[in-house]
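# A closer look at the structure
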Amino acid sequence: MSEFWLISAPGDKENLQALERLNTVTSKSNLSYNTKFAIPDFKVGTLDSLVGLSDELGKLDTFAESLIKRMAQSVVEVMEDAKGKVQENLLANGGLKEKMKCLKIDLTSFVTHFEWDMAKYPAKQPLPSVVDTLAKQLAQIETDLKGRTAAYSTLKATLDSLNQKAKANLFTRTLSDIVNKDDFVLDSEYLVTLLVIVPTQNYIQWQKTYESLSDMVVPRSTKLIFEDKEGGLFTVTLFRKVIDDFKARAKENKFMVREFYYDEKEITREREEMTRLLSAKKQQYQTSCVALKKGSSTFPDHKVKGPLLRWLKVNFSEAFIAWVHIKALRVFVESVLRNSGEGTNKLDKPAGFQSVLWVRTVGQIACLPHALPTLWPPGLG
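What you see is a predicted model, and the numbers here were worked out from it, not measured in a lab.

Next up on the list: unusual backbone geometry. Peptide bonds are, in most cases, trans, and in most cases residues other than glycine have a negative phi. Despite not being glycine, Asp187 has its phi angle at roughly 55°, a positive value. Position of Asp187 among the secondary structure elements: in the loop between helix H4 (127-167) and strand E5 (191-199). Given the relative accessible area of 81%, Asp187 is considered exposed. The phi angle at Arg220 is positive, at roughly 55°, despite the residue not being glycine. Summarising the element assignment, Arg220 is placed in the loop between helix H5 (203-209) and strand E6 (223-227). Overall, the relative accessible area of 79% leaves Arg220 in the exposed class.

What follows deals with the pattern of salt bridges. A full pass over the atoms with the stated rule returns 14 salt bridges. Taking the shortest distance from any N to any O, the salt bridge between Asp177 and Arg173 comes out at 2.8 Å. A salt bridge links Lys223 to Asp183, with the nearest nitrogen and oxygen atoms 2.8 Å apart. On the criterion of sequence distance, the pair formed by Lys223 in strand E6 and Asp183 in the loop between H4 and E5 is long-range, its members being 40 residues apart. Classification of Asp183 by relative accessible area gives buried; the value is 10%.

In this section: the environment of Gln201. As for its placement among the helices and strands, Gln201 is situated in the loop between E5 and H5. Taking the relative accessible area as the measure of exposure, Gln201 reaches 64% and is therefore exposed. In sequence terms Gln201 and Gly232 are 31 residues apart; their C-alpha atoms lie 10.0 Å from each other.

Locating Glu270 in the fold gives a position in helix H7 (residues 264-285). Classification of Glu270 by relative accessible area gives partly exposed; the value is 27%. In sequence terms Glu270 and Thr174 are 96 residues apart; their C-alpha atoms lie 9.2 Å from each other. Residues contacting Glu270, with those up to four places away along its chain left out, are Thr174 and Ser176.

Throughout the structure, instances matching the rule amount to 15 aromatic pairs. Ring geometry for Phe42 against Trp116: centres 5.0 Å apart, planes inclined by 70°, an arrangement best described as edge-to-face. Highlighted residues: Phe42 in the loop between strand E2 (33-36) and helix H2 (47-78) and Trp116 in the loop between helix H3 (107-112) and H4, separated in sequence by 74 residues. With 5.3 Å between their ring centres and 80° between their planes, Tyr203 and Phe234 make a pair best called edge-to-face. Taken together, the residues Tyr203 in helix H5 and Phe234 in strand E7 (residues 231-239) connect sequence positions 31 residues apart. Taking relative accessible area as the criterion, Tyr203 reaches 18% and is therefore assigned buried. An aromatic cluster is present here, built from Phe37, Phe42, Phe110, Phe114, Trp116, Tyr121, Phe316, Phe320, Trp323 and Phe332 joined pairwise through their rings. One Lys or Arg, Arg173, reaches over the ring of Phe226 and ends 4.8 Å from the middle of that ring.

Glancing now at the packing of H2 against helix H8 (residues 307-339). With their axes 8 Å apart at the nearest point, H2 and H8 run at an angle of 155° to one another. With respect to their mutual orientation, H2 and H8 come out roughly antiparallel. By crossing handedness, the relation of H2 to H8 is classed as left-handed. Across the contact of H2 with H8, the residue classes break down as 26 nonpolar, four polar and five charged.

We now examine the sheet that holds strand E8 (residues 256-258). The strands that make up a sheet are held in pairs by hydrogen bonds between backbone atoms, and each pair lies either parallel or antiparallel. Spatial strand order, E6-E7-E5-E8: four strands in an open sheet with antiparallel pairing. The open sheet has two edge strands with one neighbour each: E6 and E8. In this sheet, adjacent strand axes meet at a mean angle of 40° when their direction is disregarded.

Cut-offs used in this document
Numbering of residues begins from 1 in every chain and follows the order in which that chain's sequence is written. For this predicted model, a pLDDT threshold of at least 70 governs which residues receive local features, and a threshold of 80 or more governs which side-chain atom pairs are given and counted, while totals over whole chains, interfaces and linings are taken from all residues. Processing note: side-chain calculations cover all non-hydrogen atoms of the structure and skip hydrogens and water entirely. Helical segments are the DSSP runs of H or I of at least four residues, strand segments are the runs of E of at least two, and each set is numbered from the N terminus. Partly exposed residues are those whose accessible area sits between 20% and 50% of the maximum for their type, while under 20% is buried and over 50% is exposed, using a 1.4 Å probe and protein chains only. Note on definitions: salt bridges are taken to be side-chain nitrogens of Lys or Arg within 4 Å of carboxyl oxygens of Asp or Glu. Contact criterion: two residues are considered in contact whenever any of their non-hydrogen atoms come within 4.5 Å of each other. Pairing of aromatic rings covers Phe, Tyr and Trp, the last through its six-membered ring, and needs centres within 6.5 Å; plane angles under 30 degrees mean stacked, over 60 mean edge-to-face, and all others mean tilted. Ring-over charges, as used throughout, are those where CZ of Arg or NZ of Lys falls within 6 Å of the ring centre and within 35 degrees of the ring normal. Only C-alpha atoms enter the line fits that serve as axes; for helices the fit covers just the stretch in contact. Angles between N-to-C directions range over 0 to 180 degrees. Angle categories: roughly parallel below 35 degrees, roughly antiparallel above 145, roughly perpendicular from 65 to 115, and oblique for all the rest. Helix crossings get a hand from a simple test, with the near helix turned counterclockwise from the far one by less than a right angle marking a left-handed crossing and a clockwise turn marking a right-handed one. Three classes are used, and their members are as follows: Ala, Val, Leu, Ile, Met, Phe, Trp, Tyr, Cys and Pro are nonpolar, Asp, Glu, Lys and Arg are charged, and the others, Gly among them, are polar. Paired strands, in this sense, are two strands between which DSSP finds at least two bridges.

Structure, rendered in structure tokens:
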């Protein structure tokens, strides 16, 4: 795992003196990989405006990071059946170079090859306008994220609830996926079919005694229709007028009658609801494959992502790119503030500095700050 540090070093933006000095020190112990991080000159304005902007950028930086983490977590949740491919959907647009515009690249490559997007965030605009553009973009992404993930969460919660009912014990679980019309005597004035829960160890006792638990039990009418690790669900048919007596005698023998009335319309409704929800989750949110034809050729592995996953992939990239631009702005603003002369509020062209990106593994990154005093003693720049 790598960490990225953006530093501002005294120097002329037009040469690589600061980068060369860094490379000389860090290469000795292989402390870091260093690269120039190009930041354009912006309209600086007044010292007071920059101080306010510094605070605003700090908050926006935190907000952007939080938003990106939430989006990444949403990708993980949506891709619950293919978590090994999550990283494929957490990429950034290739960059500003013409040949890379349509490419998606990993986040590390984007940061180490960063270029300021002049089309989206014109450097000629006042700094507050650039920050405002970034803030509005991220706010809109967050608003859309809340709406889209809320719909997904509702769908997932409903499915989870139905699945929990299907996995519950025989006393409480849904029976729509178990029972069939043929299991019951229906529309009879005199007969009725009951469902009885029998512990596994009592199966033999049930078979021997169920006909004698009450008068008017139909002989050989029992059938095991479902079982779990604790017991089985049996049907039994008897006359309606002995229902209460049969229930009481069954309970005495540790057989529990499950209250259930077979309603074909309700059973069909429950089954269709589950099918509909599963289909909605698969078709609207998850990855599917389609066959594409080009002339006489067929490409069966072409993947089409569901609307939510597509949206997350595109907007994760947008949010991440905006976040890196915010980091660049923070370096610029802090550099100007720290290098501005005392006793003046009007700032002209910012003092010379060069922004450099340090990349190093987490275990070794702690060594890097100790190299700074040797390169730029306090008070230099």
